[in-house]
Amino acid sequence: MANLKEQEKWEDGVYQIEENDPVLGGENGITNKPAKQLANRTLWLKKFLELLGKKSAPKDLTADSTSTADESGHSHKLPVGSTTQKGIWQATSDTGLDSEGLVFTAKGAKKLAQIIANVQIAVSQKWTAKSATETEPGILPVSHKTDGTAKDKFASEFAVGEAAKKGLPVGSIVAFPTAVTKPNGFLRANGSTFNASAFPDLYKVLGNSNTLPDLTRSDVGMTAYFATDAIPAGWIAFDDIAAQVTQQRYPELYRHLVAKYGSISAVPKAADRFIRNAEAGLQVGQTQEDTIKTHKIQVPDSSYPGNNMGIFHYGERGNLNDQNYNELTYNGGDETRPKSLVLKLCIKAVNSFDDVQFWIKSHGEVVNIGALDAGRLSQGLQDKADRNHTHTVSDIVDFNSSVTELIKNVVRKTYQQTKQHKKKIKIRVKKGPSYVYEDGEETINIQTEGTMTVYPNGKIEQIIAFRNFSPTWFGAETNDNALHIPVQLWSSMPNKVDYVTVFLNKTKSGAQYASEATEWILGWAEDIQEQIKDKVTIRAVRWTGGQDEPVDLIIKVEGY
């Protein structure tokens with residue numbers, strides 16, 4: 001007896017045997033159909049339960065687990081913890097990380113506690129000030145001298161600022177990159193002349209001469225022998241001129257050679273030639289072929305009485321040869337030359353100073369009465385001239401109009417006004433049987449005056465002077481413990497405040513007023529300027545003294 005053939009599939013229904021169905025057995029008999037369908041269902045359920053049992057087996061969870069189920073088991077995705085939701089976190093012992101996605105370990109907490117304890121110990125210890133030396137840290141007194149020699153004092157901001165103003169001495173030669181075309185305070189060292197009245201200090205430094213040194217000379221075209229095969233940068237082999245020199249690659253050398261020889265291909269080669277000096281009728285570039293100077297050689301003559309040896313006349317040889325001369329041959333080399341040493345002949349193709357230009361320090365800050373900056377004008381006129389020629393005023397066709405235009409376009413305006421300022425004061429108030437001091441305000445008038453100058457190149461210079469003034473009228477900021485003095489400009493800078501110079505001067509005569517002006521350290525608060533265009537802030541710190549005498553505060557603001 002055979003069994004029914006089962007299939008692993010789910011039957012949607014089970015066949016019902018009808019009354020008129022014949023009784024048929026066998027694999028496909030109608031009588032076995034319901035039983036076969038039930039057997040298929042049973043096998044399918046068996047397999048499904050087996051797979052479900054496998055999937056129910058849990059897998060090990062990791063930080064990268066996902067929600068899956070297969071024959072190997074099932075796993076779940078774990079939520080990652082954050083400051084806004086619960087989940088799993090990664091631990092760290094690093095005390096220097098800045099992260100909100102990590103949690104601290106006990107080891108890290110212990111390390112942090114040790115650091116805090118060390119800081120607390122250091123803070124609680126009393127520090128005794130001591131003088132600083134070249135090898136030991138400490139404190140030093142402040143000095144305002146700009147020419148001092150002491151090594152046990154510290155230069156104040158005022159001293160550094162005044163020393164910076166002095167800068168390079170007049171007459172110093174400085175090399176600027178070629179991209180720098182008009183450095184302020186310098187004239188191009190190109191051999192031209194300058195106005196002695198505009199630059200009197202430079203005139204004296206140059207030995208009462210108004211001729212600038214000429215440092216525009218180029219070494220392009222010079223030749224040199226090198227004792228190695230490696231050719232230095234800026235040089236090329238002399239006999240490679242035809243192959244390498246073009247107007248685009250070496251323009252200066254190209255001009256020199258074409259002016260001399262007419263074309264690059266016409267430049268003679270030095271191969272197999274001795275170099276001679278251009279003198280005694282010889283010219284640069286001239287070539288000469290091999291030659292031996294005419295000379296005489298005396299030899300014995302066999303026809304002379306008493307001589308048995310010598311040069312035979314052709315007649316004495318029986319007229320075997322019709323030559324009327326005799327030949328002498330010296331077995332030597334394949335050329336005539338003196339003792340020689342072979343070196344590499346090269347020519348300078350690139351100027352050593354192509355990347356820089358030399359300038360001479362002509363003046364510091366030139367401030368003239370009126371609207372014309374003479375230093376800038378003279379510097380600009382020097383730049384007008386063609387660098388390869390010398391011009392007179394008559395040669396420059398637009399000289400007068402250019403000068404007039406420069407003068408016309410310099411605009412200077414004078415200002416004078418009184419500004420009110422509310423000074424913080426302490427007011428003595430009686431409360432009950434005693435007096436106390438409370439915060440109050442006092443309105444004071446600050447006299448201000450100055451100028452604003454606009455130059456043709458876009459530079460704007462504003463001078464603001466506070467007369468009969470005291471820095472103590474302003475409060476100190478808590479972040480740097482310095483008095484912050486806000487200074488409103490006469491007009492906003494169109495683009496940017498570029499530089500600010502600050503200094504104090506005594507308002508009245510007398511030793512106490514003179515000393516008051518040196519008892520303050522002032523400077524521009526450049527770090528908080530940023531994009532502010534209509535005002536600047538001055539920091540003031542008192543380094544000595546206790547008086548509150550009036551002084552003049554002068555601020556020079558440069559921008560564009």
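Residues numbered from 1 in each chain as written. Predicted model: local features only at pLDDT ≥ 70, side-chain atom pairs only at ≥ 80, totals over all residues. Heavy atoms only, no water.

The next subject is the overall build of the chain. Scanning the chain for helices and strands turns up 9 helices and 20 strands. Residues classed as buried in the chain amount to 24% of the 560 residues present. For the chain, the accessible area works out to roughly 39600 Å², and carbon and sulfur atoms hold 52% of it. (Helix = DSSP H or I, 4+ residues; strand = E, 2+ residues; numbered from the N terminus. Buried < 20%, exposed > 50% of the residue type's maximum accessible area, 1.4 Å probe, protein only. Areas by Shrake-Rupley, 256 points an atom, 1.4 Å probe, with all protein chains shown as cover.)

To continue, consider the sheet that holds strand 7 (residues 173–177). In spatial order, the strands read 7-12-8; together these 3 strands make up an open sheet with antiparallel pairing. Among the strands making up the open sheet, the edge pair consists of strand 7 and strand 8 (186–188). Going across the sheet, the axis of each strand differs from the next one's by a mean of 45°, ignoring polarity. Summarising the sheet, strand 8 and strand 12 (residues 356–361) pair through 3 bridges and their orientation is antiparallel. Residue pairing across strands places Arg 188 opposite Trp 359, the latter belonging to strand 12. (Pairing = 2+ DSSP bridges. Axes fitted to C-alpha atoms, helices over the stretch in contact; angles between N-to-C directions.)

Not every positive phi belongs to a glycine, and Asn 208 is a case in point at roughly 55°. By relative accessible area, Asn 208 is classed as exposed at 53%. A positive phi angle is found at Glu 530, which is not glycine, with a value near 50°. Note on placement: Glu 530 falls in the loop between strand 18 (520–524) and strand 19 (535–542). In this structure Glu 530 comes out as exposed when scored by relative accessible area, which is 63%.

Strand order in the open sheet formed by 3 strands is 16-19-18, with antiparallel pairing between adjacent strands. Unpaired on one side and paired on the other, strand 16 (483–488) and strand 18 mark the two borders of the sheet. Strand-to-strand twist of the sheet, defined as the mean angle between neighbouring strand axes without regard to direction, takes the value 25°.

The subject of this paragraph is the nonpolar core. Grouped burial of nonpolar side chains is what soluble globular proteins tend to show. Ile 485, Val 500, Val 536, Ile 538, Leu 553 and Val 557 are the most contacted members of the largest nonpolar core, which totals 30 residues. For this core, the secondary-structure elements that each account for two or more residues are strand 14 (434–454), strand 15 (460–469), strand 16, strand 17 (497–506), strand 18, strand 19 and strand 20 (551–559). With 14 residues, the next largest nonpolar core counts Ile 236, Leu 257, Ile 264 and Ile 347 among its residues. (Core = buried A, V, L, I, M, F, W, Y, C linked by side-chain atoms within 4.5 Å.)

All told, the structure shown has 5 aromatic pairs when counted by the stated rule. A ring pair is formed by Phe 194 and Phe 199, whose centres lie 6.2 Å apart and whose planes are at 70°; its orientation type is edge-to-face. Overall, the relative accessible area of 1% leaves Phe 199 in the buried class. Relative to Trp 490, the ring of Tyr 415 lies with its centre 4.7 Å away and its plane at 5°, an arrangement referred to as stacked. (Phe/Tyr/Trp six-rings, centres within 6.5 Å; stacked < 30°, edge-to-face > 60°.)

We now examine the environment of Thr 451. Tracing the backbone shows Thr 451 in strand 14. The spacing of Thr 451 and Lys 413 is 38 residues in sequence and 5.5 Å in space, taken between C-alpha atoms. In contact with Thr 451, other than residues within four places in its own chain, are Arg 412, Lys 413, Thr 414, Tyr 415, Glu 461, Gln 462, Ile 463 and Trp 490. (Contact = heavy atoms within 4.5 Å.)

Our focus in this paragraph is the pairing of strand 13 (residues 411–431). One ladder, built from 21 bridges, connects strand 13 with strand 14; its direction is antiparallel. By the bridge assignment, Ile 427 is partnered in strand 14 with Glu 438.

This part takes up the confidence of the model for the chain. On average, residues of the chain score 77 in pLDDT, and 78% of them reach the 70 mark or higher. Note on residues 312–323: pLDDT is under 50 here. Beyond four places in sequence and across chains, it has 12 contacts. Within the model, the stretch residues 366–374 combines pLDDT values under 50 with 11 contacts to residues more than four positions away or in other chains. (pLDDT = per-residue confidence, 0-100.)

Before going further, it helps to examine the environment of Gln 16. Relative to the elements of secondary structure, Gln 16 occurs in the segment before helix 1 (33–55). A relative accessible area of 55% places Gln 16 in the exposed class. It is 9.6 Å that separates the C-alpha atoms of Gln 16 and Thr 31, two residues lying 15 residues apart in sequence.

Next up on the list: the environment of Leu 206. Residue position: Leu 206 is located in the loop between helix 4 (200–205) and strand 9 (223–226). On the basis of relative accessibility, which here comes to 25%, the residue Leu 206 falls in the partly exposed class. Considering only alpha carbons, one finds Leu 206 and Val 170, 36 residues apart in sequence, at a separation of 9.7 Å. Ignoring sequence-local partners within four residues, the contact set of Leu 206 consists of Phe 194, Thr 211, Leu 212 and Ile 360.

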